[in-house]
Amino acid sequence: MFLRDRPQLIINIHAIIMIIMFSVVFTAGRSSGETFSKNKKIVVLDPGHGGHDNGVRGPEGIMEKAVTLSLARRIVAELEDDFKVVLTRTDDYGMKIFERTAAANHLKADLFISLHTGGSFLHKTSGISIFYFDEMSNTDQENRPALSKTDKNTPTPIAWHTIQIKHKKTSRTLAETIREHLRGQTGPLKKPVQTAPLMVLEGADMPAVLIEIGYLTNPAEEKKLADPDYLSDLAEDIRNGIIDFFNKDPGA
Ligand SMILES: [Zn+2]
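Cut-off values and rules
- Residues numbered from 1 in each chain as written.
- Predicted model: local features only at pLDDT ≥ 70, side-chain atom pairs only at ≥ 80, totals over all residues.
- Heavy atoms only, no water.
- Donors = N, O, S within 2.8 Å, 3.2 Å for Na, K, Ca; no water.
- Helix = DSSP H or I, 4+ residues; strand = E, 2+ residues; numbered from the N terminus.
- Buried < 20%, exposed > 50% of the residue type's maximum accessible area, 1.4 Å probe, protein only.
- Contact = heavy atoms within 4.5 Å.
- Pairing = 2+ DSSP bridges.
- Axes fitted to C-alpha atoms, helices over the stretch in contact; angles between N-to-C directions.

A. Spatial organisation of the coordination of the zinc ion. Coordination sphere of the zinc ion, protein contribution only: H49 (NE2), E64 (OE) and H116 (ND1), at 2.0 to 2.1 Å. Sequence positions of the residues that donate to the zinc ion give the spacing H-x14-E-x51-H. Of the two residues, H49 is situated in the loop between β1 (42-47) and α2 (64-79) and H116 in strand β3 (residues 111-118); the sequence distance between them amounts to 67 residues. Its relative accessible area of 1% is what places H116 among the buried residues.

B. Focus on the environment of P219. For P219, the position within the fold is in helix α7 (residues 219-225). The exposure class assigned to P219 is partly exposed, which follows from its relative accessible area of 42%. Along the chain, P219 and K124 lie 95 residues apart, while their C-alpha atoms are 8.2 Å from each other. If sequence neighbours within four positions are ignored, P219 has contacts with P59 and H123.

C. Geometry of the sheet that holds strand β2 (residues 84-87). Ordered in space as β2-β1-β3-β6-β4-β5, the six strands form an open sheet in which the pairing is mixed. Of all the strands in the sheet, the pair left with one neighbour each is β2 and β5 (194-196). In this sheet, neighbouring strand axes are inclined to one another by 30° on average, regardless of whether the strands run parallel or antiparallel. Of the strands in this sheet, β1, β2, β3 and β6 (208-215) touch α2, which is tilted by about 145° from β3.

Below, the structure is given as structure tokens:
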């Protein structure tokens, strides 16, 4: 996952990227076999990493970029009858972080979900974590200010990081609703929803969450994440969470 460190991406960069992204998104939409129905909610799934960026690599060599794409394809299969589902990347190639949300904004998507795995130096670290964007991480022990809004030397007509803030409440609902539907994690293993100043969410102009679907650095979890049946179950849980979210908040 990506914690923000350079907050001043501004809206005109955003506009340029949207134009560049148009062809990419259009191709991705067609590849799912979907037509552009105006009645369907648009869900954008973002398989983390890709290309030279492998993401986290597990002890047996399973790579985050492959796991996230595999899960995303399964979620597409679960959703495509009822939703227009678009992937930010449909194969093993790299993308810049801000291109991912630009794709969702261009489509005026109703939801954006970025998929990642966790990585830790501690092999026993495990579990699924669901994040929504906030300027402060709720696990930030140093209580540091996460944004350099006070940097008066940088002109910021409209700072990109302000876009997701207005969706904070619905993003939180989305995160909590998906969490409710995760069957594989129960009791104390089921982590509370978390906040973090995530770059990949900050520019999304719709409810948006990032799901870390387990720790590839944990040998037991790496084994699970390499199991197609496990990924299919997870895709089904996430599908159920998305449907439940729209039922709770049909205007989202
Ligand atoms: Zn990642």
